[in-house]
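Listed here are the chains, written in short residue letters.
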Amino acid sequence: MSTSVPPPDGPSGRSESSSSGGSESSPSGGSPGPEQPSGPGRPWGAEHYDGPGGLIGPGAHSGATIVVAPGEVSGSGSGEKGLRGNALGLFSSVAIGLASTAPAYSLAATLGLIVVGVGLQAPIITILAFIPMLLIAYAYKEMNAVDPDCGTTFTWAARAFGPRTGWMGGWGIIVADIIVMANLAQIAGSYGFQLVGHASLASSTLWTTIAGVVWIILMTFICYIGIEISAALQRVLLCVEIAMLVLFSVTALVKVYGSNAPGSSIHISGSWFNPFDVPSASALTAGILSAVFIYWGWDTAVSVNEETADKTRTPGRAAVISTVLLLLIYALVSTSAQAFAGVGDKGIGLANPDNSGDVLSGLGSAVFGSTGLGWFLSKLLIFMVLTSAAASTQTTILPTARTSFSMALHKAIPSHFGRVHPRFATPTWSTIAMGLVSIAFYVLLTRISSNVLSDSISSVGLGIAFYYGLTGFACFWYFRKVLRRSARDLWFKGIFPLLGGIMLLYFFCYAAFDVYADPNYGHTSMTLPLVGKVGGVSVIGIGALVLGFVLMLIQWAVQGSWFRHPDVPVSAATEEEVAALEVRSGPEA
C-alpha cells in the first residue's frame, strides 16, 4: 500500500479526505496547491508544476509529491482519486484491452453479416476496419501521456473543447457500455445453456434473461472487489480464448488443403484482400461499418490508467498493442473460416442466414469433429464464446464505472458516484450503479420487445463512433501548437488522430442518416414529426445522445460547478510542456 506524504500546512496543502473513503474532496473546495494548479496550460501527468508551461523537478513548492493511499480520495486529479496504483502491468493491461473486445464472440456474431454484405472480400474488410481504430488508439496514447485520468474522453475533450463537450464525451462512453451490456448478458445466458445441452432453455426469453442478470451480478461483484482479481481472471480467459481461435484456424486450414476437404471449402485467393473487388462503394462502406466495431473495447486498457504501473506510458502502449493483436486474430480467423466454410447460403456456408448470428458454434463440430477429442474441442469453442462474452461483460463495467467516478470527482455528476472503497480501492457507487442500470435496461427492453432490444444493441455503434471520434479531434486540437516541433509530433499527435476522427465522423453520419435510418433496417421503425418513417436503430442511437444532452442541462442547473468553474481548464499543449514530459518519461511516452 502506498503511503501518504503530507505537505506543509497552509493553503497549498491537499484537501481533507475521509479515511473511510465514504466522502471525497474536490479541488474546488479550497485553494489549489502545487498538485492541482488552476489556469490554462497545466501539464497533466507532471509530478510538479510552477506556473503555466513550467514543469520543474522535485522540490517544487512543498518539496514533496503527494502519494494518495488506496481508498483515500484527496482530489480529482490523476493519482489523487484513491484508486490502487501500480496494480496492473503491461500484460494485464493488454489482456483487459483484448478481453473488452470479446474476440471470439465478436467474430461469431459479425463475420456472417460481413460475408452477406461483401462476399469473398470479408477478410480485407476486417483488415480495413483496423485502420481508424489504430489511429484513434494513437490519440488515446498521446492524450494519456499528458493526462492519465481514468475519465479519458471526458477529461480530454473538456481540456480541448470545454466542459460541455467533455460531459457529452463521458456520456458517450456510459451509454454505449450500458446498451452493449444487455447484448453481452443475453449471449452469456444463451451460451451457458447451450454448453450444458439445454437448448430449450437457451431459446427461452425468461431463462436467458435470468441467466444474463446473474452474469451481470457476478461480473459486477468481481469488478467491485478489486482490479487485480479482474486482471487475473482476464489473463487466464484470454490466453485460453486466443489459443482456441488459433487452433480452430490452423485445423480449418489443414483440412482445406488436405485430401478430405469439405465440399464447401475454397482455397485462399489474393482477390479476398482486394477492396476494389467489393461490388459497390456502398457495400464497402457498410461492410467496414459492420466490422469497425468488432475492434471496440481496447480503450478499457486506458480507462484503468490510474491503476496501472507507469500510467503515462503503459496504458497507451497497451491500447496500440491490443488493436494490432486484434488485427492478427481477426484476419487469421476470418480467412480460415471463409476458406473452410465458403460463402454459400446453405449448410455451413458463412452467408447462411440460419448461422449468420453465430458462425463459430456451427463450424466447431465441422472443423473438429463430433466424437472423442473433436467433440470436446467443439464444446470448448462454444465455451470460449461464452467466456468471451462474460469477460467482456466484466471489462465493460470497468471503463463505465471509472468514467462516472471521474465525472463525479470533477463535480460533473452527483458526488456519490465519486466514492471509493477503503479496502478494495475500487469505485463503489459507480461500479454498483453500472451493474444495476445495466440489469434494469436489459430487463426493461426484454419485457418491452426483443425487437427493440436487438435494435438498441445495433445502435451502440453510434455511441462508439461519437466518443472515439471526439477523442481523435480532441488530441489534434490539444496538441495543435506543437505539431511543427517534429515529424513524430505531426503524425502521431496531429494527422493520425485527426484522420481517425474524420473517418469515424463519416461512419457516424453514414450510419445514422443512411444505413440505420432506412425503415427496413433492423427490426423496428418509428414515424417522427417532419421527418417521416425512420429506422428504429437510428432513432435509438441518436435519441440516446440527445438524452445525454438533456441530462447535461439538468446537471448544469442542479449542480453546475463543473460547467461554471471546471477544474480541467481549456488549454493547448506547448512545446515546453511536451519537451519536459519527454525528459521525464522518455520520447516515446
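This is a predicted model, so every value here is computed, not measured.

### Examining the packing of helix 9 (residues 227–256) against helix 14 (residues 372–409)
Then, number 1: Look at helix 9 against helix 14: their axes get within 9 Å of each other, and the N-to-C directions meet at 145°. When you trace helix 9 past helix 14, the crossing you get is left-handed. Where helix 9 approaches helix 14, its residues Ile227, Ser230, Leu233, Gln234, Leu237, Val240, Glu241, Met244, Leu247 and Phe248 are matched on the opposing element by Leu377, Leu380, Leu381, Met384, Thr387, Ser388, Ala391, Gln394, Thr395, Leu398 and Arg402.
Then, number 2: Each residue belonging to the contact of helix 9 with helix 14 can be placed in one class, and the counts come to 13 nonpolar, 6 polar and 2 charged.

### Digging into the nonpolar core
Then, number 1: Core analysis: the biggest nonpolar cluster contains 147 residues, and Trp167, Phe248, Tyr295, Tyr468 and Phe479 have the highest contact counts within it.
Then, number 2: Sorting elements by how many residues they give to this core places helix 6 (residues 163–195) first, with 17 residues.

### Some details on unusual backbone geometry
Then, number 1: Notably, Thr152 is not glycine yet its phi reads approximately 40°, a positive angle.
Then, number 2: Tracing the sequence through the fold places Thr152 in the loop between helix 4 (130–146) and helix 5 (153–161).
Then, number 3: A positive phi angle is found at Asp310, which is not glycine, with a value near 55°.
Then, number 4: Here Asp310 lies in the loop between helix 11 (300–303) and helix 12 (314–341).
Then, number 5: When its relative accessible area of 39% is taken as the criterion, Asp310 is described as partly exposed.

### Comments concerning the environment of Pro414
Then, number 1: Relative to the elements of secondary structure, Pro414 occurs in the loop between helix 14 and helix 15 (429–448).
Then, number 2: Excluding residues within four positions of it along the chain, Pro414 makes contact with Ala408, Gln555 and Gln559.

### A look at the packing of aromatic side chains
Then, number 1: In the structure shown here, the tally under the stated rule is 21 aromatic pairs.
Then, number 2: Relative to Trp156, the ring of Tyr140 lies with its centre 5.3 Å away and its plane at 80°, an arrangement referred to as edge-to-face. Taken together, the positions of Tyr140 in helix 4 and Trp156 in helix 5 put the pair 16 residues apart, joining distant regions of the chain. Taken individually, Tyr140 and Trp156 each receive the classification buried, so the pair is uniform in this respect.
Then, number 3: With a centroid separation of 5.1 Å and 75° between ring planes, the pair formed by Tyr478 and Phe479 is classed as edge-to-face. Neither Tyr478 nor Phe479 differs from the other in exposure class; each is buried.

### Quick notes on helix 1 (residues 90–101)
Then, number 1: For helix 1, spanning 12 residues, the distance from its first C-alpha to its last is 17 Å, which sits close to the expected 16 Å at 1.5 Å a residue.
Then, number 2: In terms of burial, helix 1 is a largely internal element, 10 of the 12 residues being buried.
Then, number 3: When helix 1 is considered as a whole, its buried residues turn out to be Ser92, Ser93, Val94, Ala95, Ile96, Gly97, Leu98, Ala99, Ser100 and Thr101.
Then, number 4: Buried residues along helix 1 sit against helix 2 (103–118), helix 9, helix 11, helix 12 and helix 14.
Then, number 5: Looking at the residues trailing helix 1, positive phi occurs at Ala102, about 50°.

Rules used in this analysis
Residues numbered from 1 in each chain as written. Predicted model: local features only at pLDDT ≥ 70, side-chain atom pairs only at ≥ 80, totals over all residues. Heavy atoms only, no water. Axes fitted to C-alpha atoms, helices over the stretch in contact; angles between N-to-C directions. Helix = DSSP H or I, 4+ residues; strand = E, 2+ residues; numbered from the N terminus. Left-handed = near helix turned anticlockwise from the far one by under 90°. Contact = heavy atoms within 4.5 Å. Nonpolar A, V, L, I, M, F, W, Y, C, P; charged D, E, K, R; others polar. Core = buried A, V, L, I, M, F, W, Y, C linked by side-chain atoms within 4.5 Å. Buried < 20%, exposed > 50% of the residue type's maximum accessible area, 1.4 Å probe, protein only. Phe/Tyr/Trp six-rings, centres within 6.5 Å; stacked < 30°, edge-to-face > 60°. Expected span 1.5 Å × (residues − 1).

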